[in-house]
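The chain contents come next:
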Amino acid sequence: AKEKNIYLLFEKSKENIFLKINPFRFREIIYNLISNAIKYTFEGGVKIYDKVDFRKKRYYIFVKDTGVGISAEAQQKIFQKFFRERKKETAEVEGTGLGLWISKELAKRMMGDVLVESIEGQGSIFIVYFPIFQK
């Protein structure tokens, strides 16, 4: 982010929760989402924040960017193996198209999921969630 002169913000909630997840796989998911956000953001930046929904018993992490955004059509395919949306703004961006597929699969194996909300040209929000447990 520093090399691209974009901001990278992290806001942590004050809630104490208990998750039953693999910390190494969790780190891989978060790394994939943040690195993608930085890769596809050319102005503005990336904000990471979390939220606990005690009613749904879920812990959410949001990775919001001001990047190029994802078309509605591509959002239907974004979590498929090797899928990459091809457009002029991202022609120079390198990648295999596996990061989001891997992230979603890892989250599902830990009873969570990865979702996306995006408007082309306005940025994206990737949301990962996991169930919370009582100690």
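Attention in this report is confined to the structure presented alongside it. What you see is a predicted model; the values in this text were computed from it and never measured. All residue numbers refer to positions counted from 1 along the written sequence of the respective chain. Side-chain atom pairs in this predicted model are given and counted only at pLDDT of 80 or more, local residue features only at pLDDT of at least 70, and totals for whole chains, interfaces and linings cover all residues. Computation of side-chain values covers all heavy atoms of the structure but excludes hydrogens and water.

## Notes on the overall build of the chain
Then step 1. Secondary structure assignment for the chain yields 3 helices and 5 strands.
Then step 2. Relative to the compact-globule value of 14 Å for 135 residues, the chain shows a C-alpha radius of gyration of 15 Å, a close match.
Then step 3. C-alpha extents for the chain along the principal axes are approximately 50 × 30 × 25 Å.
Then step 4. Put simply, the chain has 135 residues, and 43% of those count as buried.
Then step 5. Whether two residues are in contact is decided by their heavy atoms: any pair within 4.5 Å suffices. Of the contacts formed within the chain by residues at least 6 apart in sequence, a portion of 63% connects residues at least 24 apart.
Then step 6. Throughout, the Shrake-Rupley method with a 1.4 Å probe supplies accessible areas, and for residues the shown protein chains are the sole cover considered. Surface exposure of the chain reaches about 8700 Å², of which carbon and sulfur atoms provide 52%.
Then step 7. Distance between charge centres in the chain, computed from 25 positive and 17 negative side chains, equals 7 Å. Numbering of helices and strands starts at the N terminus; helices are DSSP runs of H or I of at least 4 residues and strands are runs of E of at least 2. Computation of the radius of gyration draws on C-alpha atoms alone. For the globule rule, the value is 2.2 Å times the number of residues to the power 0.38. Using a 1.4 Å probe on the protein chains alone, a residue whose accessible area is under 20% of its type maximum counts as buried, one over 50% counts as exposed, and one in between counts as partly exposed. In this tally, Lys and Arg are treated as positive and Asp and Glu as negative; His is ignored, and so are the chain termini. Lys charges are placed at NZ, Arg charges at CZ, Asp charges at CG and Glu charges at CD.

## Some words on the environment of Tyr-7
Then step 1. Considering the arrangement of structural elements, one finds Tyr-7 in strand β1 (residues 7–11).
Then step 2. Taking the C-alpha atoms as reference, Tyr-7 lies 14 Å from Asn-36; in sequence the two are 29 residues apart.
Then step 3. In this structure, Tyr-7 is in contact with Gly-44, Gly-45, Val-46 and Thr-66, ignoring residues within four places of it in sequence.

## Let's talk about the packing of aromatic side chains
Then step 1. Aromatic rings from Phe, Tyr and Trp, with only the six-membered ring used for Trp, were paired whenever their centres fell within 6.5 Å, and each pair was classed as stacked if the ring planes differed by under 30 degrees, edge-to-face if by over 60, and tilted otherwise. Counted under the stated rule, the structure contains 5 aromatic pairs.
Then step 2. Taken together, a centroid distance of 4.8 Å and an interplanar angle of 10° make the contact between Tyr-49 and Phe-62 stacked. Here Phe-62 lies in strand β3 (residues 58–65) and Tyr-49 lies in strand β2 (residues 45–53), a separation of 13 residues in the sequence.
Then step 3. Taking the relative accessible area as the measure of exposure, Tyr-49 reaches 23% and is therefore partly exposed.
Then step 4. Given the relative accessible area of 13%, Phe-62 is considered buried.
Then step 5. Ring geometry for Tyr-60 against Tyr-129: centres 5.6 Å apart, planes inclined by 50°, an arrangement best described as tilted. Placement of the pair is Tyr-60 in strand β3 and Tyr-129 in strand β5 (residues 123–131), with a sequence separation of 69 residues.
Then step 6. The class for Tyr-60 is buried, based on a relative accessible area of 10%.
Then step 7. Aromatic rings pair up to connect Tyr-49, Tyr-60, Phe-62 and Tyr-129 into one cluster.

Everything listed here is a matter of geometry and, on its own, says nothing about what the molecule does.
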